[in-house]
Amino acid sequence: MALRSLFSRRGARLVAHGRNFCAARPQEETKHINGKELRPFSDFLMDTHGRAHNYLRISLTERCNLRCQYCMPETGVDLTPHKELLSTEEVVRLARLFVSQGVTKIRLTGGEPLVRPDLVDIVGQLSAIPGLDTVSMTTNGLTLWRHAAKLKEAGLKQINISLDTLQPAKFEFVTRRKGWDRVIRSLNECISVGFAPVKVNCVVMNGLNEDEILDFVAYTEDKPIDIRFIEYMPFDGNKWNAKKFFSYSDMLALIRERWADVERLADSPNDTSKAYRVPGFVGQFGFITSMSEHFCGTCNRTRLTADGNFKVCLFGNTEVSLRDAMRQGVSDEELLEVIGAAVKRKKARHAGMNNIAKMKNRPMILIGG
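All values derive from a computational prediction rather than experimental measurement.

Enquirer: Would you mind going over the overall build of the protein chain with me for this structure?
Expert: For the protein chain, the count of helices and strands is 12 helices and 14 strands. In the protein chain, the share of contacts with a sequence separation of at least 24, taken over all contacts with a separation of at least 6, comes to 73%. Entry remark: accessible area of the protein chain is about 16,700 Å², with carbon and sulfur atoms responsible for 50%.

Enquirer: Whenever I open this one, empty space enclosed by the protein confuses me. Can you help?
Expert: Counted by the stated rule, this structure contains one cavity of 30 Å³ or more. As a volume, the largest cavity reaches approximately 50 Å³. As for the largest cavity, its lining consists of Leu 66, Cys 68, Tyr 70, Asn 140, Ser 162, Leu 163, Asp 164, Phe 171 and Thr 175.

Enquirer: For this particular structure, what's the right way to read the pattern of salt bridges?
Expert: Pairing between side chains becomes possible if they bear opposite charge and their charged atoms approach one another. For the coordinates displayed, the defined rule picks out 11 salt bridges. Here Asp 332 makes a salt bridge to Arg 93, at a shortest N to O gap of 2.9 Å. Placement of Asp 332 in helix H10 (residues 332–344) and of Arg 93 in helix H2 (residues 88–100) is noted, with a sequence separation of 239 residues between them. The class of Asp 332 is partly exposed, set by a relative accessible area of 27%. Among the ionic contacts, a cluster of salt bridges with common partners joins Lys 170, Asp 211 and Glu 212.

Enquirer: When you look at the packing of aromatic side chains in this model, what are you seeing that I'm missing?
Expert: Centre-to-centre distance and the angle between the planes together describe a pair of aromatic rings. Applying the stated criterion across every chain, the model contains nine aromatic pairs. With a centroid separation of 5.6 Å and 50° between ring planes, the pair formed by Phe 98 and Phe 310 is classed as tilted. Taken together, the residues span a long stretch of sequence, with Phe 98 in helix H2 and Phe 310 in strand E13 (residues 309–311) at a distance of 212 residues. By the burial criterion, Phe 98 is buried, and Phe 310 matches it.

Enquirer: Even after reading the chapter, I still don't get the layout of surface pockets, so can you show me in this structure?
Expert: Summary: where empty space remains is shown by rolling a probe the size of a single water molecule over the atoms. Taken as a whole, the second largest pocket spans an internal volume of roughly 240 Å³. Grouping the constituent residues of the lining of the second largest pocket by class yields five nonpolar, four polar and three charged.

Enquirer: Even after reading the chapter, I still don't get helix H6 (residues 180–193), so can you show me in this structure?
Expert: A turn of α-helix holds 3.6 residues, and therefore any two residues three or four places apart point the same way. Over its 14 residues, H6 runs 20 Å from end to end, which matches the ideal 20 Å to within 8%, given 1.5 Å per residue. Of the positions making up H6, those classed as buried are Val 183, Ile 184, Ser 186, Leu 187 and Cys 190. Buried residues in H6, looked at end-on, bunch into an arc of 155°, giving them a common side. Opposite its buried face, H6 presents the exposed residues Asp 181 and Ser 192, each directed more than 90 degrees away. Contact partners of the buried residues in H6: helix H4 (144–154), strand E6 (158–162), helix H5 (168–175), strand E7 (198–204) and strand E8 (225–231). Note on H6: the residue one or two positions beyond its end, Gly 194, has a positive phi of about 110°.

Enquirer: How should the sheet that holds strand E14 (residues 320–321) be read in this particular structure?
Expert: Consider a sheet: its strands pair through backbone hydrogen bonds, and that pairing is either parallel or antiparallel. Spatial strand order, E9-E10-E11-E8-E7-E6-E5-E4-E3-E12-E13-E14: 12 strands in an open sheet with mixed pairing. Only two strands of the sheet have a single partner each, and these edge strands are strand E9 (263–264) and E14.

Enquirer: Where do I start with the state of the cysteines in this structure?
Expert: Note: disulfide means a covalent bond formed between the sulfur atoms of two cysteine side chains. Overall, the coordinates contain zero disulfides when judged by the stated rule. Cys 299 takes part in no disulfide bond, and the closest cysteine sulfur to it belongs to Cys 313, at a distance of 6.8 Å.

Enquirer: What exactly am I supposed to notice about unusual backbone geometry here?
Expert: The general pattern is negative phi for most residues beyond glycine and trans for most peptide bonds. Look at the link from Gly 110 to Gly 111: it is a cis peptide, with omega at 25°. Tracing the backbone through its elements, the reader meets Gly 111 in the loop between strand E4 (105–109) and helix H3 (119–127). With an omega of -5°, the peptide bond running from Ala 196 to Pro 197 counts as cis. Here Pro 197 lies in the loop between H6 and E7. Not every positive phi belongs to a glycine, and Arg 176 is a case in point at roughly 60°. Examined against the element boundaries, Arg 176 turns out to sit in the loop between H5 and H6. Relative accessible area serves as the criterion here: at 27%, Arg 176 is assigned to the partly exposed category.

Enquirer: Sorry, what's going on with the side chain of Arg 107 here?
Expert: Positionally, Arg 107 belongs in strand E4. Among buried charged residues, Arg 107 stands out as having no salt bridge; its nearest opposite-charge side chain is Asp 271, 9.3 Å away. What Arg 107 contacts, discounting residues up to four positions off in sequence, is Tyr 55, Leu 56, Arg 57, Ile 58, Ser 136, Met 137, Thr 138, Gln 158 and Asn 160.

Enquirer: Which parts of the structure should I look at to understand the confidence of the model for the protein chain?
Expert: Any region with low pLDDT has predicted coordinates that should not be read closely. This prediction gives the protein chain a mean pLDDT of 84; 79% of its residues lie at or above 70. Contacts for the low-pLDDT stretch residues 1–34, under 50 throughout, to residues beyond four places or in other chains number 54 contacts.

Enquirer: I tried to follow the environment of Lys 244 on my own but got confused; where do I start?
Expert: Within the secondary structure layout, Lys 244 lies in the loop between E8 and helix H8 (248–258). Lys 244 sits in the partly exposed class, given a relative accessible area of 27%. Expressed as a C-alpha distance, the spacing of Lys 244 and Tyr 232, which sit 12 residues apart in the sequence, is 7.5 Å.

Enquirer: What am I meant to see in the packing of H2 against H10 here?
Expert: Two numbers describe a pair of packed helices, the interaxial angle and the distance between the axes. Packing of H2 against H10 brings their axes to within 11 Å, and their N-to-C directions diverge by 70°. When the interaxial angle is binned, H2 and H10 end up roughly perpendicular. Across the interface between the two elements, Arg 93, Leu 94, Leu 97 and Phe 98 from H2 touch Asp 332, Leu 335, Leu 336 and Ile 339 from H10. For the contact of H2 with H10, the per-class residue count stands at six nonpolar, no polar and two charged.

Procedures and definitions
Residues numbered from 1 in each chain as written. Predicted model: local features only at pLDDT ≥ 70, side-chain atom pairs only at ≥ 80, totals over all residues. Heavy atoms only, no water. Helix = DSSP H or I, 4+ residues; strand = E, 2+ residues; numbered from the N terminus. Contact = heavy atoms within 4.5 Å. Areas by Shrake-Rupley, 256 points an atom, 1.4 Å probe, with all protein chains shown as cover. 1 Å grid on protein atoms, 1.4 Å probe; cavity = no way out; pocket = protein on both sides within 12 Å on 5 of 7 lines; lining within 4 Å. Points joined across faces, edges and corners; volume = space filled by probe spheres on them. Salt bridge = Lys/Arg side-chain N within 4 Å of Asp/Glu carboxyl O. Buried < 20%, exposed > 50% of the residue type's maximum accessible area, 1.4 Å probe, protein only. Phe/Tyr/Trp six-rings, centres within 6.5 Å; stacked < 30°, edge-to-face > 60°. Nonpolar A, V, L, I, M, F, W, Y, C, P; charged D, E, K, R; others polar. Expected span 1.5 Å × (residues − 1). Arc of directions from axis to C-beta. Pairing = 2+ DSSP bridges. Disulfide = S-S within 2.5 Å. Lys, Arg positive; Asp, Glu negative; His and termini not counted. pLDDT = per-residue confidence, 0-100. Axes fitted to C-alpha atoms, helices over the stretch in contact; angles between N-to-C directions. Parallel < 35°, antiparallel > 145°, perpendicular 65-115°, else oblique.

Below is the structure:
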């Protein structure tokens, strides 16, 4: 790809010449909230709808040791050759660049990030970047119990474990692999080493695991965990259809039949999850309502795929290769031009559940969960 096409800046408000690219906006009066300094935010990560993108999700690998039905086609996927994936050095370079422009949170995803042998080292390098407040990770938890303490010591602050059933036999059906007991061991180990709360991602599918919603809520009674019920979303190869969809409102109605006094909790800015708790329970639960009640208006997320493509929307099929740009020898200033142009093209909202189901996009495993 020619550099000229990479650096197209249609609609961008910035002038490239004579600008300090690694600075944010011109210095304004310093503002504080609760004693914490608010830094001016970079125009490169501000879209035309006024959304500041301070949260970056980085997929470290396309490989996974499970084969979850909603994430990967039954026939598998064609993996990108290793040399075409981002190296550790490239991951860290891009992370530093994004943080220099205002990113304060990075989440590591996959595939399964724990299949990457240098994961602890990557967490350590990212945690040392000045200005980065939080390094988090999403994992299937199969081998997490071996590494939880080392990851916390390296600087990992938050962890999400994917778990769609509390029944071992159903786990094997959903993931096409054994290992439910190891995931539960990992969850308990994370609690033991001090991750609090441990977030549990549960994709709810009608006819598969909607009958376990109450069991998951009951699981929060004496554990410092946050169950996040995720509406089933369409991606290439996951055989999504409306009959499998179980909405947030249906889930909440079901829960209220059992616990009528369930209480709504305050959400933090840019939260994707609507938070609830049963009074007296240690943990909590919430709903990620991407399909029935989208939260595009407050979206602050962008994504890097394992092969180095930059995606500004999970459901969008437009990508730009930062890997190719770096390997052509471009400077950080030129990379910011590519990033800024992509962010400026971000749409106000996704296309809607039924339209997304018809759009060509990557399977979830090749995007990064």
